[in-house]
Amino acid sequence: MEIIYHAGGGHTGGSLSSADIQMVLYHLVMNVDPKNPSNPDRDRFILSKGHSVESLYAVLASCGFISDEVLETYGQFNSILAGHPTKKVPGVELNSGALGHGLSVGVGMALAAKRSSYNFKVYVLMGDGEHGEGSIMEAAAAAGHYQLDNLIAIIDRNQLQISGPTEEVCKIDDLAAKYNACGWSVAECDGHSIPELRKQFSSIPFQKNKPSLIIAHTIKGKGVSFIENKANWHHKVPTEEQLKMAYDELDKKMEELNHER
């Protein structure tokens, strides 16, 4: 929220809906090392919905791939932190954001690992609205054909895209059936539940010789009441007053979580 406010631009809703997924991946699941981001056997993460880059930058900073000082330069002239991920940023594997491309690249990476001596896994986070791109299902079919059980796709199923509800813009259900038909093993979970996400990722691969898909049911704008489930917050900047309101809500939630611990 803060870097979007200071940059004067950013994709707020989709960044908030996918933040929990990325935090779990980077902190609890993936084999990555900020001190050695080019380790050949590292796990790969691709943010196919690259427009929601603000949450990725925040997660990379929380892991130590970039400093807080660099994070604060988002959107500024000559900053390495652009409005879509680029490989100039440590921890970023792909210049992404042209929707529908991430899974295809992930298939290539996973296939390369299978045909070499490396054991890394490839994680691809996609949007549900992104599934209007036909190239995704072509990649899904290829992944099933090559039995890429080292490939894990996650769909941020927040039900909204820039033009409105996904099912009104371009109906995409039943995603599970479509991926099953392409030879994938599919699970669904609450994309904001850390225990549920950990449980699903710990079960990868769901089936030997099959790529795995997690359909993560999320809320666009999760955590800030006046942003949640609002399509117009797909790309929108909070005012100073709205930023303070968001801080208050998020701080209160942090206090509740700390109390639960």
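Residues numbered from 1 in each chain as written. Predicted model: local features only at pLDDT ≥ 70, side-chain atom pairs only at ≥ 80, totals over all residues. Heavy atoms only, no water.

**Here we look at empty space enclosed by the protein**
Operational definition: Using a grid of 1 Å spacing that covers the protein atoms alone, one calls a set of points a cavity when a 1.4 Å probe fits there but cannot get out, and a pocket when the set is open and has protein on both sides within 12 Å along at least five of seven lines; lining residues are those with an atom within 4 Å of a point. Grid points are joined across faces, edges and corners, and a volume is the space filled by probe spheres set on the points. Strands are runs of DSSP state E lasting at least two residues, helices are runs of H or I lasting at least four, and both sets are numbered from the N terminus onward.
Applying the stated criterion across every chain, the model contains one cavity of 30 Å³ or more. Reported here for the largest cavity is a volume of approximately 30 Å³. Taken together, Phe45, Ile46, Leu47, Leu56, Pro85, Val92, Glu93 and Leu94 make up the full set of residues lining the largest cavity. Counting residues per element, the lining of the largest cavity draws most heavily on strand S1 (residues 44-47), at three residues.

**Focus on the pattern of salt bridges**
Basically, it comes down to this: Salt-bridge detection follows one rule: a side-chain nitrogen of Lys or Arg within 4 Å of a carboxyl oxygen of Asp or Glu. Accessibility here uses a 1.4 Å probe with only protein chains present; expressed as a share of the type maximum, an area under 20% marks a residue as buried, one over 50% as exposed, and anything in between as partly exposed.
All told, the structure shown has eight salt bridges when counted by the stated rule. We note a salt bridge from Arg42 to Glu93, for which the minimum N-O separation is 2.7 Å. Of the two residues, Arg42 is situated in the loop between helix H2 (12-29) and S1 and Glu93 in the loop between helix H4 (68-71) and helix H5 (102-114); the sequence distance between them amounts to 51 residues. Like Arg42, the residue Glu93 is buried in the burial classification. The salt bridge partner of Arg157 is Asp173, with a shortest N-O separation of 3.1 Å. In this pair, Arg157 sits in strand S3 (residues 151-157) while Asp173 sits in the loop between helix H7 (166-169) and helix H8 (175-181), placing the two residues 16 residues apart along the sequence.

**Quick notes on the pairing of strand S6 (residues 185-190)**
Consecutive side chains of a regular strand alternate in pointing toward one face of the sheet and then the other. The cut-off we apply is this: Handedness is read with the strands pointing away from the viewer; a crossover is right-handed when the path from the first strand over the helix to the second is clockwise.
A one-sided burial pattern is seen for S6, the buried positions being Ser185, Ala187 and Cys189 and the unburied ones Val186, Glu188 and Asp190. With helix H9 (residues 194-202) bridging S6 and its parallel neighbour strand S7 (residues 212-217), the resulting β-α-β unit is right-handed.

**Considering the nonpolar core**
Quick reminder of the rule: Buried Ala, Val, Leu, Ile, Met, Phe, Trp, Tyr and Cys residues that are joined via side-chain atoms within 4.5 Å together make up what is termed a nonpolar core. By definition in these notes, contact holds between two residues if any of their heavy atoms fall within 4.5 Å.
Core analysis: the biggest nonpolar cluster contains 32 residues, and Leu25, Tyr26, Phe45, Leu60, Tyr123, Ile154 and Phe201 have the highest contact counts within it. Broken down by secondary-structure element, the contributors of at least two residues to this core are H2, S1, helix H3 (53-63), strand S2 (122-127), S3, H9 and S7. With seven residues, the single largest contributor to this core is H3. The residues contacting Leu25, other than those within four sequence positions of it, are Met30, Phe45, Tyr123, Ile154 and Phe201. Formed by 28 residues, the second largest nonpolar core is a distinct cluster that contains Met109, Ala113, Phe120 and Ala176.

**A closer look at the pairing of S1**
The criterion, for reference: What makes two strands pair is DSSP finding at least two bridges between them.
Alternating positions in S1 separate into two faces, Arg44 and Ile46 on one and Phe45 and Leu47 on the other, with burial throughout. Bridging between S1 and S2 involves four bridges; their strand directions are parallel. Bridging from a neighbouring strand, Leu47 pairs with Leu125 of S2.

**Details of the sheet that holds S6**
As a general point, the strands of a sheet are linked pairwise by backbone hydrogen bonds and lie either parallel or antiparallel. Formally: Under this scheme, a helix contributes an axis fitted over its contacting stretch, all axes are lines through C-alpha atoms, and angles between N-to-C directions fall in the 0 to 180 degree range.
Here we have five strands laid out as an open sheet, ordered S1-S2-S3-S7-S6, and parallel in their pairing. The sheet is open, and its two edges are formed by S1 and S6, each paired on a single side. Strand-to-strand twist in this sheet, taken as the mean axis angle between neighbours without regard to direction, amounts to 20°. Inspection of the sheet shows S6 paired to S7 by six bridges, in the parallel sense. Opposite Asp190, over in S7, you have His217 as the bridge partner. With respect to the sheet, H9 is in contact with S2, S3, S6 and S7, its orientation differing from that of S6 by roughly 165°.

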